[in-house]
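Overview (structure and organization)
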Amino acid sequence: MTLAKIVYASMTGNTEEIADIVAEAFENLDIEVEINECTQVDPEDFEDADICVVATYTYGDGELPDEIVDFYEELQEIDLSGKTYGVCGSGDTFYDDFCKSVDDFDAVFAKIGATKGADNVKVDLAAEEEDIQNLEAFAKKLAEAVK
């Protein structure tokens with residue numbers, strides 16, 4: 001069975017909700033899902049997965065959340081060749097660097113050999129109906145990429 005691992009960072013609950021939406025979409029596609037908060041796992045855990053997903057928020061003026069910095073730095077040390085990845089997250093369009101952390105993780109996954117399975121999904125604050133549809137389509141594209 002295909003395994004998707006989702007690692008998330010969330011302060012207000014918005015990004016945790018985004019991760020849950022993606023997880024539910026995977027489950028509806030008969031994909032096994034493991035979902036963890038970023039301080040509870042190591043990047044090496046992605047080595048067991050077919051699909052690797054990071055859901056993160058962007059803090060302030062484009063900074064990574066403090067709690068995901070170690071995960072981000074350690075992720076750069078491993079090789080995920082042959083794995084499919086996707087990145088999603090939340091931000092606030094009030095800031096110039098809207099969802100920059102999503103782009104930062106996208107660049108790291110590409111650098112360590114993983115294959116992008118779906119376009120990044122960026123949500124302004126909390127997920128609304130259109131965002132939910134985009135996140136479900138994101139999960140579907142990732143699932144199709146590993147078949």
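Reading the values: the criteria
- Residues numbered from 1 in each chain as written.
- Predicted model: local features only at pLDDT ≥ 70, side-chain atom pairs only at ≥ 80, totals over all residues.
- Heavy atoms only, no water.
- UniProt positions renumbered as here; feature names shortened; annotations may be inferred.
- Helix = DSSP H or I, 4+ residues; strand = E, 2+ residues; numbered from the N terminus.
- Pairing = 2+ DSSP bridges.
- Right-handed = clockwise from strand over helix to strand, strands pointing away.
- Phe/Tyr/Trp six-rings, centres within 6.5 Å; stacked < 30°, edge-to-face > 60°.
- Buried < 20%, exposed > 50% of the residue type's maximum accessible area, 1.4 Å probe, protein only.
- Contact = heavy atoms within 4.5 Å.
- Axes fitted to C-alpha atoms, helices over the stretch in contact; angles between N-to-C directions.
- Parallel < 35°, antiparallel > 145°, perpendicular 65-115°, else oblique.
- Left-handed = near helix turned anticlockwise from the far one by under 90°.
- Nonpolar A, V, L, I, M, F, W, Y, C, P; charged D, E, K, R; others polar.

Per an unreviewed UniProt entry, the chain goes by Flavodoxin and derives from Enterococcus wangshanyuanii. Within the UniProt record for the chain, the comment given under Sequence similarities (unreviewed entry) is "Belongs to the flavodoxin family." As its UniProt record puts it under Cofactor (unreviewed entry), the chain is described as follows: "FMN".

What follows is about the UniProt feature "coiled-coil region" (unreviewed entry) in the chain. UniProt records the feature "coiled-coil region" (unreviewed entry) for residues 118–145 in the present numbering. Summarising residues 118–145: 61% helix, 14% strand, and an end-to-end C-alpha distance of 8 Å.

The two faces of the sheet receive side chains in turn, since in a regular strand these alternate between them. Both strand E1 (residues 3–8) and strand E2 (residues 32–37) contribute to a ladder of 6 bridges, which runs parallel. Across the sheet, residue Val7 finds its bridge partner in E2, namely Asn36. Each parallel crossover has a hand, and the one from E1 via helix H1 (residues 14–28) to E2 is right-handed.

Taken as a whole and assessed by the stated rule, the structure comprises 5 aromatic pairs. Their ring planes at 90° and their centres at 5.3 Å tell us that Phe94 and Tyr95 sit as a pair that is edge-to-face. A relative accessible area of 32% means that Tyr95 is categorised as partly exposed. Ring pairs connect the aromatic residues Phe46, Phe71, Tyr85 and Phe109, which therefore count as one cluster.

This part covers the environment of Ala9. One can find Ala9 in the loop between E1 and H1. Spatially, the C-alpha atoms of Ala9 and Asp70 are 12 Å apart, while their sequence positions differ by 61 residues. The residues touching Ala9, leaving out its near neighbours within four places in the chain, are Thr15, Cys38, Ala55, Thr56, Tyr57, Pro65, Glu67 and Ile68.

This part covers the packing of H1 against helix H4 (residues 129–145). Orientation of H1 relative to H4, taken along the N-to-C sense of each, is 50°, at an axis distance of 9 Å. Here H1 is positioned oblique relative to H4, judged by the angle of their axes. Considering the relative orientation of H1 and H4, their crossing is right-handed. Seen from H1, the contacting residues are Ile18, Ile21, Val22, Ala25 and Phe26; seen from H4, they are Ile132, Leu135, Glu136, Phe138, Ala139, Leu142 and Ala143. Of the residues belonging to the contact of H1 with H4, the class tally is 11 nonpolar, no polar and 1 charged.

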